[in-house]
Amino acid sequence: MSFFKKLRDRMFRSSDKIGEGLEALVAEDAAAPEGAETGASEAARAAEVAPAQPPAAPPAAPVSPPPAMPQAQAREAERKVEPEAAKPGLLGRLFGGGGAAVEEPRRLVDDAMLESLEEVLIQTDMGVETSMRVTANIAEGRFGKRISTRELKAALAGEVARIMEPVARPLPIYPKRPQVVLVVGVNGSGKTTTIGKLASQFKAAGKSVVIAAGDTFRAAAVEQLQVWGQRAGVPVLTAPEGSDPASLAFDALTQAQAQGADLLLIDTAGRLQNRQDLMEELAKIVRVIRKVDATAPHNTLLVLDATTGQNALSQVEIFRKIADVTGLVMTKLDGTAKGGVLVALADRFGLPIHAIGVGEQIDDLAPFDPEDFAKALVGQE
Ligand SMILES: Nc1nc2c(ncn2[C@@H]2O[C@H](COP(=O)(O)OP(=O)(O)OP(=O)(O)O)[C@@H](O)[C@H]2O)c(=O)[nH]1
């Protein structure tokens, strides 16, 4: 299965939420009583969009309404189109061509519609600021026109992809051996799983990988890494429970160097309850590994759990203060209604998003593709 298909299938809750929200938003207007929303200011705004459009005279021929037409006028034109659309010719019906004449429901892009759109986006955890910016961009050039769900989804996917494009960068691979990747993030965000997946994928790509189980406070995390290591055929260096993670990182880097390994992945603890301790622990790991290689760590990956929604934003803020975060991995995009938080993250911090996780298996981690993500997020086929 392609990763896009998997992403689209598994991001069902986000896509459902946005997709259904957009359909409801368009349908709302289609179901509204004729002319109900046609206020003076709206007509004026619509006229502003298309100053050359004569405001009152309906078109003589039954053609589709020009998009910038005031609402009442547009509806009038639509009514004239309907009888044609409802009666496809015999040949058309025989060969299934009749369906093409069925008009898609459309909604006027006005203030009320844009407000509803903003709400739909906020519900997916895109955040207020980003939702407002995206909505404003959607409005540009479309205000006063009538838009279908399909067009709205395409426009939205385009906007999301545009925001995400600059941050979509795979984990950079340097000629430096071993390349040291420090992996940070709160407990349960998916650090261990991500390290396991990365190790397996790099190993499968022919790289030699070493893992350091630096969360020495959680025996379960160490065991989990050992399982991943066995599965991937990658050595996992461990230390006794409660011992100094910096000392383990030092040993691991020395060993990785001696082995001529390509990549050293260092897991870390994620206890944010005591931020000061964690800060000191991470700073010490960095200090100590720099005794072996002054340029290490070459990447500091922050692993974020998509299901935490807006909380991911504050985690980035905190971890940027305690570690020199160079890139993000977003896990658990499967089964969350909060996938929009990735857009907020990109918009707010501009940190590279290296990979996304959509499940617990090795191949459920893939480089971040902005267009696939945007399409999956808005439920576009
Ligand atoms: N559905 C889903 N589950 C995931 C994904 N990534 C990780 N998980 C699960 O999330 C849970 C926590 O993942 P861990 O990798 O243990 O997280 P951690 O950050 O290492 O947590 P600690 O070991 O407590 O520090 C596990 O049950 C994983 O299987 C993902 O992309 N999708």
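Residues numbered from 1 in each chain as written. Predicted model: local features only at pLDDT ≥ 70, side-chain atom pairs only at ≥ 80, totals over all residues. Heavy atoms only, no water.

- The protein chain is annotated in an unreviewed UniProt entry as Signal recognition particle receptor FtsY of Paragemmobacter kunshanensis.
- Quoted verbatim from the Catalytic activity (unreviewed entry) field of the UniProt record, the comment on the protein chain reads "GTP + H2O = GDP + phosphate + H(+)".
- According to its UniProt record, the protein chain has this under Subunit (unreviewed entry): "Part of the signal recognition particle protein translocation system, which is composed of SRP and FtsY. SRP is a ribonucleoprotein composed of Ffh and a 4.5S RNA molecule." (UniProt positions renumbered as here; feature names shortened; annotations may be inferred.)

**Looking at the overall build of the protein chain**
So, point 1. Looking only at helices and strands, one finds 15 helices and 10 strands in the protein chain.
So, point 2. Residue burial in the protein chain is summarised as follows: out of 381 residues, 51% are buried.
So, point 3. Restricting to contacts in the protein chain with at least 6 residues of sequence separation, those with at least 24 account for 79%.
So, point 4. In the structure as shown, the protein chain presents an accessible area of about 17100 Å², 54% of it carried by carbon and sulfur atoms. (Helix = DSSP H or I, 4+ residues; strand = E, 2+ residues; numbered from the N terminus. Buried < 20%, exposed > 50% of the residue type's maximum accessible area, 1.4 Å probe, protein only. Contact = heavy atoms within 4.5 Å. Areas by Shrake-Rupley, 256 points an atom, 1.4 Å probe, with all protein chains shown as cover.)

**Brief notes about the site of the ligand**
So, point 1. Near the ligand you find 20 residues, and of these G188, T192, T193, D334 and E360 are the closest.
So, point 2. The backbone of G357 places a nitrogen or oxygen atom 3.4 Å from an oxygen atom of the ligand.
So, point 3. G359 is positioned with one of its backbone polar atoms (N or O) 3.2 Å from an oxygen atom of the ligand.
So, point 4. Looking at the shell around the ligand, the elements with two or more residues in it are α9 (191-204) and α10 (219-232).
So, point 5. Tallying contributions element by element places α9 first for the shell around the ligand, with four residues.
So, point 6. Of the residues that constitute the shell around the ligand, the class distribution is three nonpolar, 10 polar and seven charged. (Near = heavy atom within 4 Å. Polar contact = N/O pair within 3.5 Å; in protein donor to acceptor, adjacent residues only side chain to side chain. Nonpolar A, V, L, I, M, F, W, Y, C, P; charged D, E, K, R; others polar.)

**Re the pattern of salt bridges**
So, point 1. One pass over the full model with this rule turns up 11 salt bridges.
So, point 2. With a shortest N-O distance of 2.7 Å, R133 and D347 are connected by a salt bridge. Of the two residues, R133 is situated in helix α7 (residues 128-139) and D347 in helix α14 (residues 341-349); the sequence distance between them amounts to 214 residues.
So, point 3. When its relative accessible area of 41% is taken as the criterion, R133 is described as partly exposed. (Salt bridge = Lys/Arg side-chain N within 4 Å of Asp/Glu carboxyl O.)

**Examining unusual backbone geometry**
So, point 1. A cis geometry characterises the amide bond from R177 onward to P178, with omega recorded as -10°.
So, point 2. Following the sequence through the fold, P178 ends up in the loop between α8 (149-164) and β3 (179-184).
So, point 3. Put simply, A296 and P297 share a cis peptide bond, and its omega is -5°.
So, point 4. Take P297: it is sitting in the loop between α12 (275-292) and β7 (299-305).

**Quick word on the pairing of strand β4 (residues 209-212)**
So, point 1. In β4, alternate side chains face the same way, and those of V209 and I211 on one face and V210 and A212 on the other are all buried.
So, point 2. Across four bridges, the pairing between β4 and strand β6 (residues 263-267) is parallel. Residue pairing across strands places V210 opposite L264, the latter belonging to β6.
So, point 3. The sheet contact formed by β4 and strand β5 (residues 236-237) spans two bridges and is parallel. Pairing of A212 across the sheet is with L237, part of β5.
So, point 4. With respect to chirality, the unit in which β4 leads through α10 into the neighbouring parallel β5 is right-handed. (Pairing = 2+ DSSP bridges. Right-handed = clockwise from strand over helix to strand, strands pointing away.)

**Observations concerning the sheet that holds β6**
So, point 1. Strand order in the open sheet made by the eight strands is β5-β4-β6-β3-β7-β8-β9-β10, with mixed pairing throughout. In this open sheet, the two edge strands, each paired with only one partner strand, are β5 and β10 (365-367).
So, point 2. Pairing geometry for β3 and β7, over four bridges, is parallel. Among the inter-strand pairings, V183 is bridged to a residue of β7, identified as L301.
So, point 3. Helix α13 (residues 311-322) rests against β3, β7 and β8 (327-331) of the sheet, and its axis sits at about 155° to β7.
So, point 4. Along the sheet, α14 contacts β7, β8 and β9 (353-357); its crossing angle with β8, the most-contacted strand, is approximately 170°. (Axes fitted to C-alpha atoms, helices over the stretch in contact; angles between N-to-C directions.)

**Considerations on α13**
So, point 1. A rise of 1.5 Å per residue sets the reference length of α13, with its 12 residues, at 16 Å; its end C-alpha atoms lie 17 Å apart and thus fit the reference within 8%.
So, point 2. The complete set of buried residues in α13 reads A312, L313, Q315, V316, I318, F319 and I322.
So, point 3. For α13, the elements touching its buried residues are β3, α12, β7, β8 and α14. (Expected span 1.5 Å × (residues − 1).)

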